[in-house]
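Residues per chain are reported as follows:
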Amino acid sequence: MGQRFANIIIDISHESVDRTFQYRVPEALMGKLRAGQQVYIPFGAGNSRRKGYVVELTDRVEYDEGKLKEIAGVVPGSVSAGSQLIWLAWWMKERYGSTMNQALKTVLPVKQKVKEAPRRQIRCLLAGEELDLALGEAERKHFKARIRLLTALKEEPVIPYEAAVNQLNLTTAALKPLEEAGVIAVEVIARYRNPLEEMRRLAEGTGNFSPGRVALNQGQQQIVDAISGEYDRGVRGTYLIHGITGSGKTEVYMELIAHVLAQGRQVIVLIPEISLTWQTVMRFYRRFGDRVSVINSRLSAGERYDQYERARTGNIDIMIGPRSALFAPFEHLGLIIIDEEHENAYKSELSPRYHAREVALERAGMNGASLVLGSATPSLESYTRALKGEYKLFTLKQRAKADSALAKAEIVDLRRELQEGNKSIFSRRLQELMEDRLQKGQQIMLFINRRGYANFVSCRSCGEAMRCPHCDVTLTLHRNGQMMCHYCGYTVPQPKTCPSCGSPYIAPFGTGTQKIEEMTRQMFPAARVLRMDLDTTSKKGGHQEILSSFARGEADILIGTQMIVKGHDFPRVTLVGALAADLSLYAPDYRCGEQTFALLTQAAGRAGRAGEEGAMVIQTYQPDHYAVVTASGQDYNAFYEQEMAFRRLLGYPPAVGLLIVQLSSADEALLEAGAERLAGQIRAMCGEGVSGAPEPPVQFIGPVNATVYKVNDIYRKILYIKHENYDILIQIRKNSEEFIKAAEELKNISAQYDLT
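Residues numbered from 1 in each chain as written. Predicted model: local features only at pLDDT ≥ 70, side-chain atom pairs only at ≥ 80, totals over all residues. Heavy atoms only, no water.

Peer 1: Could you give me a rundown of the overall build of the protein, with the residues and numbers involved?
Peer 2: For the protein, the count of helices and strands is 22 helices and 30 strands. The 756 residues of the protein split such that 53% are buried. Excluding contacts between residues fewer than 6 apart, the proportion of contacts in the protein whose partners are at least 24 apart in sequence is 73%. (Helix = DSSP H or I, 4+ residues; strand = E, 2+ residues; numbered from the N terminus. Buried < 20%, exposed > 50% of the residue type's maximum accessible area, 1.4 Å probe, protein only. Contact = heavy atoms within 4.5 Å.)

Peer 1: Which residues make up the layout of surface pockets, and what values go with them?
Peer 2: Taken as a whole, the second largest pocket spans an internal volume of roughly 1000 Å³. Every residue lining the second largest pocket is counted, 35 residues in all, and those nearest its centre are Glu-56, Lys-93, Ser-98, Thr-99 and Lys-741. Here the lining of the second largest pocket takes six residues from helix α22 (residues 726-742), the largest share from any one element. Split into classes, the residues belonging to the lining of the second largest pocket amount to twelve nonpolar, eleven polar and twelve charged. Among the domains, domain 1 (5-107) and domain 5 (657-755) are the pair contributing at least three residues each to the lining of the second largest pocket. (1 Å grid on protein atoms, 1.4 Å probe; cavity = no way out; pocket = protein on both sides within 12 Å on 5 of 7 lines; lining within 4 Å. Points joined across faces, edges and corners; volume = space filled by probe spheres on them. Nonpolar A, V, L, I, M, F, W, Y, C, P; charged D, E, K, R; others polar. Domains from an automatic or database assignment.)

Peer 1: Summarise the packing of helix α18 (residues 592-604) against helix α20 (residues 636-650); cite the residues concerned and give the values.
Peer 2: The contact between α18 and α20 brings their axes to 10 Å, and the two run at 170°. The angle between the axes of α18 and α20 places the two elements in the roughly antiparallel class. Residues Gly-593, Glu-594 and Phe-597 of α18 touch α20, and the partners they reach there are Tyr-636, Phe-639, Glu-643 and Arg-647. (Axes fitted to C-alpha atoms, helices over the stretch in contact; angles between N-to-C directions. Parallel < 35°, antiparallel > 145°, perpendicular 65-115°, else oblique.)

Peer 1: An account of the sheet that holds strand β27 (residues 657-665) is needed here, citing residue identities and associated values.
Peer 2: Pairing is antiparallel in the open sheet, where four strands are placed in the order β28-β29-β27-β30. Looking at strand neighbours, the two that pair on one side only are β28 (699-711) and β30 (750-755), the edges of this open sheet. Pairwise comparison of adjacent strand axes, ignoring direction, gives a mean angle of 20° for this sheet. The sheet contact formed by β28 and strand β29 (residues 714-723) spans seven bridges and is antiparallel. Across the sheet, Asn-705 pairs through a bridge with Lys-717, a residue of β29. Against the sheet, α22 engages β27, β29 and β30, with an angle of about 175° to β30. (Pairing = 2+ DSSP bridges.)

Peer 1: Which residues make up the packing of aromatic side chains, and what are the values?
Peer 2: Within the structure shown, the criterion is met by 15 aromatic pairs. Considering the side-chain rings of Tyr-383 and Tyr-640, the 5.0 Å spacing of their centres and the 65° angle between planes classify their relative orientation as edge-to-face. Placement of Tyr-383 in helix α13 (residues 380-387) and of Tyr-640 in helix α20 is noted, with a sequence separation of 257 residues between them. We classify Tyr-383 as buried; its relative accessible area is 7%. (Phe/Tyr/Trp six-rings, centres within 6.5 Å; stacked < 30°, edge-to-face > 60°.)

Peer 1: Before we move on, could you go through helix α1 (residues 81-96) and cite the residues and values that matter?
Peer 2: In this model, α1 (16 residues) spans 22 Å end to end at C-alpha, consistent with the 22 Å of a helix rising 1.5 Å per residue. Most of α1 is tucked away: 14 of the 16 residues are buried. (Expected span 1.5 Å × (residues − 1).)

Peer 1: Before we move on, could you go through helix α9 (residues 249-261) and cite the residues and values that matter?
Peer 2: Helical geometry: 3.6 residues make up each α-helical turn, so side chains three or four residues apart lie on a common side. Helix length check: α9 (13 residues) gives 18 Å between terminal C-alpha atoms against 18 Å at 1.5 Å per residue, within 8%. Along α9, ten of the 13 residues are buried, which leaves the element largely enclosed by surrounding structure. Looking at α9, one finds that the buried residues are Lys-249, Thr-250, Glu-251, Val-252, Tyr-253, Met-254, Glu-255, Leu-256, Ile-257 and Val-260.

Peer 1: Any chance you could break down the UniProt feature "binding site: Zn(2+) 1" (unreviewed entry) in the protein for me, citing the residues and the numbers?
Peer 2: When the UniProt feature table is mapped onto this chain, "binding site: Zn(2+) 1" (unreviewed entry) is found at Cys-459, Cys-462, Cys-498 and Cys-501. A stretch of 43 residues holds the annotated residues, and the largest C-alpha distance among them is 8.6 Å, short enough that they meet in one place. Tracing the backbone through its elements, the reader meets Cys-459 in strand β18 (residues 456-459). Non-local contacts of Cys-459, meaning those with residues more than four positions away in its chain, are made with Glu-464, Cys-498, Cys-501, Ser-503, Tyr-505 and Ile-506. Along the chain, Cys-501 turns up in the loop between β21 (491-493) and β22 (506-509). On the basis of relative accessible area, Cys-501 is assigned to the partly exposed category, the value being 42%. (UniProt positions renumbered as here; feature names shortened; annotations may be inferred.)

Peer 1: Residues and numbers for the side chain of Asp-317, please.
Peer 2: Looking at the secondary structure, you find Asp-317 in the loop between α11 (301-312) and β12 (318-321). Among the polar contacts listed, one links the side chain of Asp-317 to the side chain of Arg-291, at a separation of 2.8 Å. (Polar contact = N/O pair within 3.5 Å; in protein donor to acceptor, adjacent residues only side chain to side chain.)

Peer 1: Describe the pattern of salt bridges, and please don't skip the residues or the numbers.
Peer 2: This structure, assessed with the given rule, holds 34 salt bridges. For Arg-60, the salt bridge identified is with Glu-738, shortest N-O distance 3.6 Å. One end of the pair, Arg-60, is in the loop between β4 (48-58) and β5 (73-74); the other, Glu-738, is in helix α22, with 678 residues separating them in the sequence. The partner of Glu-410 in a salt bridge is Arg-429, and the shortest N-O contact between them spans 3.0 Å. With Glu-410 in strand β16 (residues 408-413) and Arg-429 in helix α15 (residues 428-439), the pair connects residues that are 19 residues apart, well separated along the chain. For Glu-410, a relative accessible area of 29% corresponds to the partly exposed category. Arg-429 sits in the partly exposed class, given a relative accessible area of 28%. Each of the salt bridges in this network shares a partner with another, and the network as a whole consists of Lys-93, Glu-94 and Lys-734. (Salt bridge = Lys/Arg side-chain N within 4 Å of Asp/Glu carboxyl O.)

Peer 1: Run through the sheet that holds strand β1 (residues 5-9), naming residues and quoting values.
Peer 2: Taking strand neighbours across the sheet as the criterion, the five strands line up as β2-β1-β4-β3-β5 in an open arrangement whose pairing is antiparallel. Looking along the sheet, the strands with just one partner apiece sit at the ends: β2 (21-24) and β5. Pairing of strand β3 (residues 38-43) with β5 involves two bridges; the strand directions are antiparallel. In the strand pairing of β5, Tyr-40 is matched with Gly-73. Each of β1, β3 and β4 touches α1; the most contacted strand, β4, lies at about 20° to it.

Peer 1: Residue-level account of the nonpolar core, with values.
Peer 2: Counting residues in hydrophobic clusters, the biggest one holds 80 residues, and the most contacted among them are Met-92, Phe-327, Val-359, Phe-447, Leu-600 and Met-616. Of all the elements, α1 adds the most residues to this core, at eight residues. The contacts of Met-92, once residues within four sequence positions are left out, are Gly-97, Thr-106, Val-107, Phe-327, Pro-352, Tyr-354 and Val-359. (Core = buried A, V, L, I, M, F, W, Y, C linked by side-chain atoms within 4.5 Å.)

Peer 1: How would you summarise unusual backbone geometry if you had to cite specific residues and measurements?
Peer 2: Cis geometry marks the peptide bond from Pro-653 to Pro-654, where omega comes out at 5°. Within the secondary structure, Pro-654 is located in the loop between α20 and β27. Between Gly-702 and Pro-703 the backbone carries a cis peptide bond, its omega angle lying at 10°. Positionally, Pro-703 belongs in strand β28. Here the phi dihedral of His-142 falls at roughly 55°; this positive angle occurs in a residue that is not glycine. Position of His-142 relative to the elements: it lies in the loop between α3 (129-140) and α4 (144-155).

Peer 1: I'd like a rundown of the side chain of Gln-442, residues and numbers included.
Peer 2: Inspection of the secondary structure puts Gln-442 in the loop between α15 and β17 (443-447). Among the residues examined, Gln-442 registers a relative accessible area of 12% and is labelled buried.

Peer 1: Help me get a handle on the pairing of β17, residues and values and all.
Peer 2: Burial analysis of β17 places five of its five residues in the buried class, the great majority of the element. Bridging between β17 and strand β25 (residues 573-578) involves five bridges; their strand directions are parallel. Residue Phe-447 lies in a different strand from β25, and its bridge partner there is Ala-578. Sheet analysis places β17 next to strand β24 (residues 557-560), joined by four bridges and oriented parallel. Paired with Ile-444 across the two strands is Ile-557, which belongs to β24.

Right, here's the structure in full:
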């Protein structure tokens with residue numbers, strides 16, 4: 001028997017998911033409804049016939065069953081974009097584990113429209129003799145404000161409202177009688193806010209944009225022809241473009257977009273937030289004009305809503321943005337592109353913990369669209385699927401510009417530097433190359449994977465580090481003397497004595513972007529220095545302001561965290577310095593080698609992109625690590641072979657599937673007992689067999705403390721479950737959800753699931 005009840009929303013919006021209405025499913029529709037379907041329902045006291053969207057089918061009645069109304073029927077016709085997004089939310093709930101409410105709030109836009117101040121204009125409704133008579137009457141009655149306005153309207157029948165108020169010194173009281181008498185009309189100019197306007201302003205004077213369309217080289221054209229040819233034959237595939245840095249992947253994307261737009265379809269382009277700069281977006285704008293829009297986290301709620309509305313109404317054909325742009329409500333989606341597909345930013349940290357690549361594949365299938373992935377350092381998951389034939393693989397091995405070559409990378413052993421007396425954060429080789437580039441008037445980029453003035457503050461007498469009282473992490477010292485927790489935001493001034501032992505010997509350890517900026521200015525006092533990290537880009541437009549300034553040549557050295565080496569193209573940059581290349585190798589994450597390789601390879605790609613020879617200096621304490629060595633040679637295949645051998649040996653994705661269950665509670669003892677109870681239940685379930693078919697054994701680890709055990713006074717435990725079959729892991733997750741719901745002792749423990 002099918003599920004007997006349907007939860008329905010009347011309006012497709014982020015807010016409406018908290019206000020669902022439950023209806024009975026009639027016998028005739030049993031087994032025929034699904035999430036996202038539009039239905040007719042009797043609504044309200046008068047039972048007026050309304051349209052609603054099914055968001056969930058269930059056997060659990062939430063109200064008095066005797067008072068529930070019955071669905072009247074299914075709305076005929078094509079499936080709308082809204083319906084598809086609701087179905088996609090249901091798929092995400094089933095795949096990743098979350099409530100339907102959480103999934104819906106992920107895919108539906110926030111409808112609360114934050115209005116900008118309306119643009120208005122004053123239009124004169126009189127002309128010729130009628131206007132002269134009105135002006136004459138105003139002069140006789142000595143209405144000075146009215147005289148100023150009517151005189152201006154004789155010269156220009158439509159004037160901006162702001163100009164009338166500010167330049168003609170008019171008030172609402174002066175305008176109202178004229179409006180009531182039918183002499184003028186105050187009109188509101190309806191328009192959507194377009195974030196590209198600010199990007200266009202910032203782009204002025206940078207002078208490093210190519211024309212809207214460029215000629216493709218042979219390798220680029222072969223990829224475009226192959227994918228376009230399959231598209232025209234009705235084949236909707238998934239493609240991986242593995243191209244070295246500067247190989248012209250973006251030009252390939254734009255040719256494919258043009259091909260799809262010509263067929264009346266629409267396109268979503270995903271770019272990691274860290275790479276979503278004016279420089280990237282303006283390349284698309286110069287090619288496709290006002291049919292392009294962009295979404296990012298820096299937009300206001302009103303601006304974001306406007307962009308979704310433009311997509312829904314067909315006002316635009318291309319939506320560019322981070323993973324949230326994947327849910328643009330296009331009715332005729334024909335292509336999804338994911339640039340820098342290896343980036344961790346495509347994985348959500350909130351429930352449902354979806355990966356944009358997997359959700360894009362599902363949405364592309366729903367819409368009859370193709371999916372194109374691109375990267376200089378593809379994720380191991382994507383490259384493995386390409387080698388298996390699940391994705392079609394293309395490679396670009398040469399840079400697109402004829403006069404451009406890959407930067408030459410040098411590895412500097414920081415251990416030897418220290419042994420030979422150099423205690424500076426700049427190796428002698430890096431200092432030498434920086435002096436050379438500054439003398440030549442060229443630009444330099446220096447990056448480190450840390451934010452803040454120093455990493456942490458500790459006591460040299462007792463060794464105690466200053467820690468956040470709410471989280472299991474040390475506090476980061478900033479230049480203003482404040483120590484901050486980068487997890488919960490807790491802030492406290494740097495103490496003069498140790499809170500534990502009272503010793504005055506308390507000092508900062510480690511080096512951050514602010515400290516590097518200070519030391520750079522000391523070593524190169526004539527150089528113009530810019531710093532770009534989360535602190536300097538926290539204000540709206542901060543990214544664009546700094547990058548625009550650097551592109552205009554207003555600085556010689558750009559210092560920053562990893563955000564400065566992601567996807568930017570600065571022709572004057574000929575030297576990149578990785579000051580502590582192996583910091584990310586110490587992260588407690590099985591992907592740390594992959595992340596280090598990708599970061600160093602991307603960084604090397606910033607130098608020597610416009611004819612000048614580029615160089616990169618990789619400063620490291622692990623000069624022999626395979627991630628560092630292969631990145632210096634930009635040898636992805638060699639890295640892939642070594643990293644996959646490591647993953648197969650230790651049983652990590654993509655060699656196997658990994659389900660992570662994170663349990664959290666404010667009660668530490670309750671969490672400890674609950675985690676053991678759930679772990680025992682899952683072990684028992686796995687011992688009995690999750691499915692009928694014989695399968696390899698499930699690998700089970702935990703429960704163990706999370707890497708950061710306490711965040712904002714909430715304790716966290718982790719369970720790791722590995723298996724080659726994803727369906728087995730999904731079934732384990734579903735069984736765990738049901739067990740947690742039913743177990744009384746687990747009701748104050750929250751669970752989140754992460755499937756890789």
